[in-house]
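Below are the chains, spelled out letter by letter.
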Amino acid sequence: MWQLSVRSARHYWALFAGAFVVLALGVALIGTTAAALAATWNAQRPAGGPAVTLRDGTGASHTLSAGEVDLGGVQSVLAMAGVVSAFVTVFVIAGTFAFGVALRGRDMGLLRLVGAGGPQVRRMVLGEALAVAVPAAAAGCALGAVAAPWAVRALNGTGLTPVELRAGPLGGPLLFAAGSGLVIAVLGALAAARRAARVGPTASLREADLDAKAMTAGRWISGLVLLAAGGIMVALAPNAGPEAATPLALFGPLALTLAATAWGPLYLPFLVRALTAPLTWSGSVSGRLAGAAAGTAKRRTAALVGPVLAIVAIVGTFTSVMATTGAAAAADERARTLGQLVVEPADGSGELSGRALAALRGDPRVRAVSAPAPVELAVAGPDTVWREQAAVADLQALARTHRLTAVQGAVRELAPGTVAVSREFADWYGYRVGGRITYGFFGGQPVSARVVAVLDGGAAVPHLLLPEAERARAAAPERATVLLADPSGGAGAAAGGLADALRAQGGQPVAVTPTAEWYAGRATEQDRLNDLVLVVLTGPAAVYALIAVANTLVMSYSRRGREIAGMRMLGAGAGQVRRMALWEALGTTTVGVGLAAGVIALGLAAYRAGLRVSYGAIPLSVPWGALLGLVGGCLLVAVCVSLTAVRRLLRRGTVAAVTARE
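Residues numbered from 1 in each chain as written. Predicted model: local features only at pLDDT ≥ 70, side-chain atom pairs only at ≥ 80, totals over all residues. Heavy atoms only, no water.

A.B. asks: Where do I start with the overall build of the protein in this structure?
C.D. replies: Of regular secondary structure, the protein possesses 21 helices and 13 strands. By element, 62% of the accessible surface of the protein is carried by carbon and sulfur atoms, the whole surface being about 28,400 Å². (Helix = DSSP H or I, 4+ residues; strand = E, 2+ residues; numbered from the N terminus. Areas by Shrake-Rupley, 256 points an atom, 1.4 Å probe, with all protein chains shown as cover.)

Rendered as structure tokens:
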């Protein structure tokens, strides 16, 4: 059967060309991602600083050092990019083989007619997958070997890594990528192989093999399971809180997308036909042909809509959830900030001197100044010890410059031996007022403090607030928030006056910025980093989307020679056939985009409801530019490939097309 598989892959090259390209790119991306991850694991880290040893709730001892480089963020981004790309690759490969088997129903029937058993047909389909996967894996490894060093250098230039990464030996990552490519190909072909094994000998007599049992038992069951799972996740997201709502909002719409794709033959042809109905009512022959073709070839219509629906929904959900997360945190912090001015060092040193803070507090135009001093420490929990970014703060001043609410306890000055925690921190680790928390400064001894307040301050409040008595152990504050005694004169005028007064005193040069302007500048830099993360996560998926659309169309038109020739024999002109292809491409892409928009909206609505537990202001943030570019690319590819394929078929003689063996 291996020789038959190789010959079949060569003969039906148009059916497998897209799978080859997608799998090669998938192997290259997995190899590049694995090489980048290996670079983060092998990165040269600075020598550890002072250490602290704490015991967790079980009595186990843990030692942590200061200055350790945290590469968890970039590793998470790379791992997620690999997972998304691997999933999309499996989806495209599975769709390619399933559609290929549906298009070759009569060929499978002929094999059964000459004596091939179901297991032999199944092995033939799996052999076709390996025949495509082996050269694709080799091509992908070659591409990955070239791309990996460049990708690591590019990652260094993004600012996402705290230390410089260097590409190491590529043998291991590329070997892992090649093995993953072979596994992905086999997994993608399994369902198609099972379907091919069930084809009976009578299928060789059918003409409309695409519509023979379009909704199989597997589609019904998988669609029902995915619909239930996605519905449950989306329903749970609004009351789950920000941490739990994120995975629910990501994977719930993903499950719903897969369910919509699995049940595609059941309803997608009717949606496409309804979309082209105005053309039919207008008397357009090409519109009528497009609607009839969509309604008749149900599996083909579902196969054309599926890639657009899946990729746009996946990319849109991931990018929108990430963008909304950042926008919600920034908007909440801005909404909770009551101070009208932000004061920073003018030289960009990131440390505001005590003299400058004293001058601010002594200015008669200033009512309150809050300047939390950041400090890194270790915290002991019930079963582990972790690093935490805390802050030394004057809690009463912070409550004047920011909108805080005491969920438990009261907002008052923190005495030595006491701490305040955020509501999120208390919920995660189970702390309550009156409880004790053990922490330790690096280079110091463990400290046991009593929790005296649980604060609801959103993104404006650090998770752990220490008393002013610990300020000597903290770094200098990076900025101060100023509440004016009389804001009627305007923040801009007050900013200039304060800057002049501080400059006249001969202290540290500072920049005084109105709060709104400061947050606007900060949002611009955060948007830049978010855009970089989105490119890493969804760039490959967008490329796969275009390839999947082109591949499905090429496969479809490779088997439509007789259909096009029949239209020509019945009197349809070449222009009418071209317009039919145009309306089909526009109709299937529009339906896919519309359904994807509905899935994205459903996921975002559930996610925003989940964020309301912690954030007050939750703006909706959707990367419209990236999504519209993806949609435009899908439309362009669909139209260009369809018209090119139709032009090739029209060049063939009508009789030759009817009698040709496809």
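A.B. asks: Can you walk me through the nonpolar core in this structure?
C.D. replies: Most often, soluble globular proteins keep nonpolar side chains buried together rather than apart. In terms of nonpolar packing, the biggest core is built from 56 residues, with Val549, Leu553, Tyr557 and Ile564 touching the most fellow members. For this core, the secondary structure elements donating two or more residues are α3 (72-103), α8 (241-262), α12 (298-336), α17 (515-557), α18 (561-569), α19 (574-611) and α20 (624-651). When neighbours within four sequence positions are excluded, Val549 is seen to be in contact with Pro307, Val308, Cys634, Val637 and Ala638. Ile30, Ile93, Val121 and Cys141 belong to the second-largest nonpolar core, a separate cluster that totals 35 residues. (Core = buried A, V, L, I, M, F, W, Y, C linked by side-chain atoms within 4.5 Å. Buried < 20%, exposed > 50% of the residue type's maximum accessible area, 1.4 Å probe, protein only. Contact = heavy atoms within 4.5 Å.)

A.B. asks: I tried to follow the packing of helix α11 (residues 285-296) against α19 on my own but got confused; where do I start?
C.D. replies: Angle between the axes and distance between the axes: these two values describe a pair of packed helices. Remark: α11 packs on α19, axes separated minimally by 8 Å, with the N-to-C direction vectors making an angle of 50°. On the basis of their axis angle, the class for α11 and α19 is oblique. Where α11 crosses over α19, the two elements pack in a sense that is right-handed. Two secondary-structure elements touch here, α11 through Val285, Ser286, Gly287, Leu289, Ala290 and Ala293 and α19 through Gln576, Arg579, Met580, Trp583 and Glu584. (Axes fitted to C-alpha atoms, helices over the stretch in contact; angles between N-to-C directions. Parallel < 35°, antiparallel > 145°, perpendicular 65-115°, else oblique. Left-handed = near helix turned anticlockwise from the far one by under 90°.)

A.B. asks: How should a nonpolar patch on the surface be read in this particular structure?
C.D. replies: A contiguous nonpolar patch, built from Trp220, Ile221, Val225 and Leu266 and spanning about 390 Å² of accessible area, is present on the exposed surface. Among the elements that line the nonpolar patch, the one with the most residues is helix α7 (residues 217-236), at three residues. For Trp220, the position within the fold is in helix α7. Residue Trp220 is classed as partly exposed on the basis of its relative accessible area of 40%. (Patch = residues over 30% accessible without salt bridge, like charges linked within 9 Å, V, L, I, M, F, W, Y side chains within 5 Å. Salt bridge = Lys/Arg side-chain N within 4 Å of Asp/Glu carboxyl O.)

A.B. asks: I'm lost on the environment of Ala520 in this one. Help?
C.D. replies: Of note, Ala520 is situated in helix α17. Separated by 190 residues in sequence, Ala520 and Ala330 have C-alpha atoms that sit 9.8 Å apart.

A.B. asks: Got a minute to help me understand the pairing of strand β4 (residues 366-370) in this structure?
C.D. replies: Put simply, side chains in a regular strand alternate between the two faces of the sheet. Most of β4 is tucked away: four of the five residues are buried. Summarising the sheet, β4 and strand β12 (residues 480-484) pair through four bridges and their orientation is antiparallel. Among the inter-strand pairings, Val366 is bridged to a residue of β12, identified as Leu484. (Pairing = 2+ DSSP bridges.)

A.B. asks: Is there a simple way to explain the pattern of salt bridges in this structure?
C.D. replies: Side-chain pairing between opposite charges can occur once the charged atoms of the two side chains come close. Enumeration over the complete set of coordinates arrives at eight salt bridges. The residue Asp456 makes a salt bridge to Arg336 at a minimum N-O spacing of 3.6 Å. Of this pair, Asp456 sits in strand β10 (residues 446-456) while Arg336 sits in helix α12, and the two are 120 residues apart along the sequence. Classification of Arg336 as buried rests on a relative accessible area of 12%. Between Arg365 and Asp363 there is a salt bridge, with the nearest N and O atoms lying 2.9 Å from each other. Look at Arg365 and you get partly exposed, because its relative accessible area is 36%.

A.B. asks: Explain the packing of aromatic side chains to me, please; I cannot follow it from the model alone.
C.D. replies: Under the counting rule described, the total for this entry stands at eight aromatic pairs. Both rings, one in Phe425 and one in Tyr431, keep their centres 5.6 Å apart while their planes meet at 10°; by these two values the pair is stacked. Both residues of the pair, Phe425 and Tyr431, count as buried. Each residue in the set Trp386, Phe425, Trp428, Tyr429 and Tyr431 is aromatic and connected to the rest through ring pairs, giving one cluster. (Phe/Tyr/Trp six-rings, centres within 6.5 Å; stacked < 30°, edge-to-face > 60°.)

A.B. asks: Please clarify how the packing of α12 against α20 should be interpreted in this entry.
C.D. replies: Direction vectors running N to C along α12 and α20 enclose 170°, while the axes themselves pass 10 Å from each other. In terms of orientation, α12 lies roughly antiparallel with respect to α20. Together, Ile311, Val312, Val315, Gly316, Thr319 and Ser320 of α12 and Leu627, Leu630 and Val631 of α20 make up the contact between the two elements. For the contact of α12 with α20, the residue count by class is six nonpolar, three polar and no charged. (Nonpolar A, V, L, I, M, F, W, Y, C, P; charged D, E, K, R; others polar.)

A.B. asks: Would you take a moment to explain α8 for this structure?
C.D. replies: Turn by turn, an α-helix covers 3.6 residues, leaving residues three or four places apart pointing in a common direction. Its 22 residues give α8 an end-to-end C-alpha distance of 31 Å, which sits within 8% of 32 Å, the value for a rise of 1.5 Å per residue. Counted residue by residue, α8 has 16 buried out of 22 residues, so it is predominantly covered. (Expected span 1.5 Å × (residues − 1).)

A.B. asks: Teacher, can you tell me more about the sheet that holds β12 here?
C.D. replies: Whether parallel or antiparallel, the strands of a sheet pair through hydrogen bonds between backbone atoms. The strand order across the open sheet built from four strands is β4-β12-β3-β13, with neighbouring strands paired in antiparallel fashion. One side of each edge strand has no neighbouring strand; the edge strands of this open sheet are β4 and β13 (510-514). On average, adjacent strands in this sheet sit at an angle of 25° to one another, irrespective of strand direction. Relative to β12, strand β3 (residues 341-345) is paired through three bridges, and the arrangement is antiparallel. Note on β12: the bridge partner recorded for Val343 is Ala480. On the sheet, helix α13 (residues 354-362) packs against β3, β4, β12 and β13 and is oriented at approximately 150° with respect to β4. Running at roughly 170° to β13, helix α16 (residues 491-504) makes contact with β3, β4, β12 and β13 of the sheet.

A.B. asks: What exactly am I supposed to notice about the pairing of strand β6 (residues 385-392) here?
C.D. replies: For β6, a buried count of six out of eight residues is recorded, marking the element as mostly surrounded by other parts of the structure. Two strands pair when backbone bridges link them, and strand β5 (residues 373-380) and β6 are joined in this way by eight bridges, in the antiparallel orientation. The partner of Glu376 across the bridge, within β6, is Gln389. What sits between the antiparallel neighbours β5 and β6 is a turn of four residues. Two strands pair when backbone bridges link them, and β6 and strand β11 (residues 464-466) are joined in this way by two bridges, in the parallel orientation. Within β11, the residue paired with Ala391 across the bridge is Leu465.

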